[in-house]
Amino acid sequence: MSNQEKYQEELDILTEESPAHEIILYNDDVNTFDHVINTLIYACDHEENQAHQCALLVHYKGKCSVKSGDYKDLEPRCTKLLQAGLSAEIV
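Residues numbered from 1 in each chain as written. Predicted model: local features only at pLDDT ≥ 70, side-chain atom pairs only at ≥ 80, totals over all residues. Heavy atoms only, no water.

## Some points on the overall build of the protein
Going by this rule: Strands here mean DSSP runs of E at least two residues long; helices mean DSSP runs of H or I at least four residues long; both are numbered from the N terminus. Working definition: with a 1.4 Å probe on protein chains only, accessible area under 20% of the residue-type maximum means buried, over 50% means exposed, and in between means partly exposed. Contacts between residues were defined by any pair of non-hydrogen atoms, one from each residue, lying within 4.5 Å. Computed by Shrake-Rupley with a 1.4 Å probe, the accessible areas treat only the displayed protein chains as cover when residues are assessed.
Scanning the protein for helices and strands turns up 4 helices and 3 strands. Element order for the protein, N to C, with α for helix and β for strand: α-β-α-α-β-α-β. Relative to its full complement of 91 residues, the protein shows a buried share of 26%. A separation of at least 24 residues holds for 67% of the contacts in the protein among residues at least 6 apart in sequence. Within the structure as shown, the protein displays about 6400 Å² of accessible surface, and the carbon and sulfur contribution to it stands at 49%.

## So, the sheet that holds strand 2 (residues 63-69)
The condition is simple: When DSSP locates at least two bridges between a pair of strands, those strands are taken to pair. Angular values range over 0 to 180 degrees, each being the angle between N-to-C directions of two axes fitted as lines to C-alpha atoms, with helices fitted over their stretch in contact.
As summarised here, the arrangement of the 3 strands in space is 2-1-3, forming an open sheet in which the pairing is antiparallel. Since the sheet does not close on itself, it has two edges, and those belong to strand 2 and strand 3 (87-90), each with one partner. Direction aside, neighbouring strands of the sheet carry axes that sit 20° apart on average. In terms of strand pairing, strand 1 (residues 21-26) meets strand 2 through 6 bridges, oriented antiparallel. Counted as the bridge partner of Ile 23 is Lys 67 from strand 2. In the packing of helix 3 (residues 48-61) onto the sheet, contacts are made with strand 1 and strand 2, and the angle to strand 2 comes to roughly 135°.

Structural data, given as structure tokens:
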């Protein structure tokens, strides 16, 4: 295998592993921790501990990436977050 082929193979692997988009959840002064946690479990398929940690990051840092992947997968999840009254966007 030439160096060019090896480099291309490594590049292909890195490209496949890199998520194209992420849902960013933003802090607000309206929603409770329980509501945010329950919504993350429902909309993003988080485990309870993962949802709790994301809620803490949003609270203290102002925002947190809560899900990454293809836009087609993220769009309905982000819509669920928005319908639940949370502030989120896909980037």
